[in-house]
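Analysis of the macromolecular model
Spelled out, the chains give:
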Amino acid sequence: TQIWVTMIVLTVLVLCGAVILSRYLGNLITKPVNQIRDLIDDLTQGRTNKIARKYRQDEIGKMVTSVNNLSDRLKHAASFAQNVGERKFDVSFFPLSDEDTLGKALLTMRDNLKFVDESLNEAQDIAKMGNWRWDLDPNKVYWSDQLYNIFEKDPSVFIPSLESAALCVHVD
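Residues numbered from 1 in each chain as written. Predicted model: local features only at pLDDT ≥ 70, side-chain atom pairs only at ≥ 80, totals over all residues. Heavy atoms only, no water.

1. A look at unusual backbone geometry
Phi angles above zero are rare outside glycine, and N139 is one such case at about 50 degrees. With respect to the element layout, N139 can be found in the loop between strand 1 (132-135) and strand 2 (140-143). Look at N139 and you get exposed, because its relative accessible area is 54%. In the Ramachandran plot, E152 falls in the positive-phi region, its phi being about 55 degrees despite a non-glycine side chain. Within the secondary structure layout, E152 lies in the loop between helix 4 (145-150) and helix 5 (162-168). On the basis of relative accessibility, which here comes to 72%, the residue E152 falls in the exposed class. (Helix = DSSP H or I, 4+ residues; strand = E, 2+ residues; numbered from the N terminus. Buried < 20%, exposed > 50% of the residue type's maximum accessible area, 1.4 Å probe, protein only.)

Set out below in structure tokens:
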């Protein structure tokens, strides 16, 4: 009977150890996998976050590194697109590879917008006309390059507004 009790106790201890070990190993795998899933979900919503915790360089650690690199690259691409949208066409950007369709599309977009911008500036220069735009939400006024030339204002110093534009116009 003593042997049976010892075997039952050892069996229970082995089973408890197996349960604890399986939960530990399960958490060791599922926690980073859940973090990767959450990060990918964030990327689908346009949020470029990163997983801050360092993992060993096993398969899970390599997956975390890859997803973090993807997030960094998307953040860089978004920054480039923002600069192009602000007419900063000379910001450097390089596709990741020959197969980088997003990178190539961004460069094509930049080149096309730069061409259209240069063509518009040339047409306005020939016509001696300019244009302006007023965005209500940030309450900001934008002038074309030619409008700065017409009113002899330095775009790096002069900040156009409705009030400052009124001062440039002669009432007679």
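Following the structure, the description resumes.
2. Considerations on the nonpolar core
For soluble globular proteins, nonpolar side chains are generally found buried alongside one another. The biggest cluster of nonpolar side chains holds seven residues, and these are A77, F80, V84, F89, F93, L106 and L107. Listed by contribution, the elements that provide at least two residues to this core are helix 2 (59-85) and helix 3 (101-127). In terms of residues, this core owes the most to one element, helix 2, which gives three residues. Residues in contact with F89, not counting those within four places in the same chain, are V84, R110, L113, K114 and D117. (Core = buried A, V, L, I, M, F, W, Y, C linked by side-chain atoms within 4.5 Å. Contact = heavy atoms within 4.5 Å.)

3. Details of the side chain of Q124
You can see Q124 is positioned in helix 3. Relative accessible area serves as the criterion here: at 8%, Q124 is assigned to the buried category. Once residues lying within four places of it in the same chain are set aside, the contact partners of Q124 are M129, G130, N131, S144 and Q146.

4. Brief notes about helix 1 (residues 2-44)
In this model helix 1 runs 62 Å from its N-terminal to its C-terminal C-alpha over 43 residues, within 8% of the 63 Å that 1.5 Å per residue would give. Every buried residue of helix 1 is accounted for by P32, I36, L39, D42 and L43. Where helix 1 is buried, its residues meet helix 2. (Expected span 1.5 Å × (residues − 1).)

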